[in-house]
Every structure is written in structure tokens, then in C-alpha cells.
Amino acid sequence: MVESGYTLTLIRGRSPREVLRAMEAEPRGTGEGTAGLIEAEDAHRADVDDDYWDDSYVAGAFTVPGEDGDWTVVLGFDGGLGVPCAEALSEGGRVVAHSSNGGKPIHLFHWFEDGELRTTFEWPSARDGSSPDELVPLLREVGFPLTPGGEHDDSAPIVDGKAAVLALAERLTGVRVTETLLHDATYELGLVPEQPAEEWTGLVIDITDAHGERLYKEWTHEEIAAASDRARAETNAPVITTRHPS
């Protein structure tokens, strides 16, 4: 999951079918365990000719008991894109999600409550959301190196961040996500379509390093689109091998 990129989402009070419908997923039957989910995802990638630019994916959902009722667990090997309707799904309830984009990696955590993003972070010392400090006691409890004020604590022992996030999600949901839980579940499957891109006009990178050196660069939408077209063309170009006489 971490290597290929995933999102794991827990939603209270919503059925798997309701969640997949909110994700606008096309029903794809059921799959037995993670093997069935991976098989369905592999079949989908084959259908789209393993197009690197295609962000659609197969998600699997099942129900488990947790805090204050049943929860739906949704697992998708989506490159860490996340569930776009998580805020809406949390109306009148709670949604907890964590993800990895694979490779780089970027690991994200999100906690939604009653239609509101309460806390989100990549690094627990740099939190955002409507109540970014509310989880600080829990973050410390599961081992994240934070001071009581929520700042990074250099004197604290190193912790496995993914293990700590799993423990944090368990505290917020009452659901212990284990390899066995994911491996043995019967997943309701759905093909999640690509999400429409938000309109944007450009990209700015503005970074100042620890030595005061600043990197500032702007790209227009047209420049990025042209570079993307070139990359796509190079990716799809045939590979030509030539032999030179010895």
C-alpha cells in the first residue's frame, strides 16, 4: 500500500454502497480480500492500457463495528488522491483518512467532523484545519514527537509515523485496522472515475532554505500544459533500437 500509493478512509454511519455512490463509483461487484481488490484494480489498469495519466481506480469498501456504531472502511490504490467527498460524508458523523502517494513519499492524515475538516497534516508539528491543536494530546499519546504545545520535540524518541497514524485513526474510530482485517474482508467494489481538475492559471514555487537562499519560480498554465504534452508524447513514443556494425 505504501509503495504503490493508497488512501484508507473510515466513515461512520454510512454503508459501503452509500459511500461508493457518493464517490460516483461504477459498481464492479465484490472482491474477496485484498487479493480480490488488487485483481480488480489490475484488470482496470489493463483496460486503460496502464495509462500513467489516468487517475481512475477501483475502490473496495466493507463494514466493521467501531466507536458509536458501524463504520465503512474504504481502501483504494489511488496514489494517495484521497476521497473527494469526505467532507460531505462526514455530515452528521465522522471521517478519518490517511494516505501515501507512493515513491516520494507524502503521507497525509485528515480528520473530518460534521462536515468540517478539523485537523490535517503531513508532519504532525505543522497542522491545519479548523481545530489543528485539538488532537495534540492524542498525537503525543500515540508517540508523535511533540511538546505539550504541539511543537516538534527534538528530545523525543523516533517513531514509526505510519504506525502512529494507524494508532491515531484507531483512537478516533474504535476500528483497529490490521493486515488480517483487510486481507479477509469481502469488499464491495466500485470504479472511481477521474476527478475534474480545478481551474487554475499558474504555479508558483517560493522556497527559502535554512541558509537564507531563496528559490522563486513562476509558470503559467500554458507553459505547464505544453510541458505535460511533451512528456505525454515522449511516454507514448515508440522505442527504436538500432544496431551498429561492429
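Attention in this report is confined to the structure presented alongside it. These figures come from a predicted structure and were not determined experimentally. In this numbering scheme, every chain counts its residues from 1 along its sequence in written order. Two thresholds apply to this predicted model, a pLDDT of at least 70 for residue-level local features and 80 or more for giving and counting side-chain atom pairs, whereas whole-chain, interface and lining totals are computed over all residues. To obtain the side-chain values, all non-hydrogen atoms of the structure were included, while hydrogens and water were left out.

**Some details on helix α5 (residues 161-173)**
For the purposes of this entry, the term helix denotes a DSSP run of H or I that reaches at least four residues, the term strand denotes a run of E that reaches at least two, and both are numbered from the N terminus. Expected span, for any helix, means 1.5 Å times one less than how many residues it has. Under the 1.5 Å per step criterion, the end-to-end length of α5 is 18 Å for 13 residues, consistent within 8% with the ideal 18 Å. The buried label applies to any residue whose accessible area, calculated with a 1.4 Å probe on protein chains only, is under 20% of its type's maximum; exposed applies above 50%, and partly exposed to all values in between. Among the residues of α5, those classed as buried are Lys 162, Ala 164, Val 165, Ala 167, Leu 168, Ala 169, Leu 172 and Thr 173. A side-chain oxygen of the first residue of α5 lies 3.0 Å from the backbone nitrogen of Lys 162; this N-cap is Asp 160. Directly beyond the C-terminal end of α5, a positive phi value near 80 degrees is found at Gly 174. Nitrogen and oxygen atoms within 3.5 Å of one another constitute a polar contact, given that in protein one can donate a hydrogen and the other can accept it, and given that sequence-neighbouring residues count only through two side-chain atoms.

**Things to note about unusual backbone geometry**
Despite not being glycine, Asp 68 shows a phi value in the positive range, around 60 degrees. The residue Asp 68 is located in the loop between β3 (57-66) and β4 (69-76) in this model. Under the relative-accessibility criterion, Asp 68 is labelled exposed at 63%. For Asp 114, which is not glycine, the phi dihedral falls at a positive 50 degrees. Of note, Asp 114 is situated in the loop between β6 (107-113) and β7 (116-121).

**Notes on the nonpolar core**
Counting residues in each nonpolar core, the largest one holds 19 residues, and the members touching the most others are Leu 8 and Tyr 187. Taken together, the elements giving at least two residues each to this core come down to β1 (6-12), α2 (33-47), β3, β4 and β9 (186-192). Note on contacts: a residue pair is in contact if any heavy atoms of the two residues lie within 4.5 Å. Filtering out sequence-adjacent residues up to four positions away, Tyr 187 remains in contact with Gly 29, Thr 30, Gly 31, Gly 33, Thr 34, Leu 37, Gly 60, Ala 61, Phe 62, Leu 75 and Leu 182. For the purposes of this section, nonpolar cores are sets of buried Ala, Val, Leu, Ile, Met, Phe, Trp, Tyr and Cys residues that join through side-chain atoms within 4.5 Å. Ile 11, Met 23, Val 74 and Val 192 belong to the second largest nonpolar core, which has 16 residues in total.

**Some details on the environment of Leu 89**
If you trace the backbone, Leu 89 turns up in helix α3 (residues 86-89). When the C-alpha atoms of Leu 89 and Glu 113 are compared, they prove to be 9.4 Å apart, with 24 residues separating the residues in sequence. Apart from the residues lying within four places of it in its own chain, the contact partners of Leu 89 are Ile 11, Arg 14, Val 19, Ala 22, Val 83 and Val 95.

**Regarding the sheet that holds β1**
The rule for pairing is simple: two strands pair if DSSP sees at least two bridges between them. With antiparallel pairing, the nine strands of this open sheet are ordered in space as β2-β9-β3-β4-β1-β5-β6-β7-β8. A strand with exactly one partner marks an edge of an open sheet, and here the two such strands are β2 (26-32) and β8 (127-128). Of the strand pairs in this sheet, β1 and strand β5 (residues 94-100) are connected by six bridges, and their pairing is antiparallel. Bridging from a neighbouring strand, Thr 7 pairs with Ser 99 of β5. Of the strands in this sheet, β2, β3, β4 and β9 touch α2, which is tilted by about 160 degrees from β3. Angles here are taken between N-to-C directions and fall from 0 to 180 degrees, while the axes themselves are lines fitted to C-alpha atoms, restricted in helices to the stretch in contact. Sheet strands touched by α5: β1, β3, β4, β5, β6 and β7. Its angle to β5, the strand with the most contacts, is close to 170 degrees.

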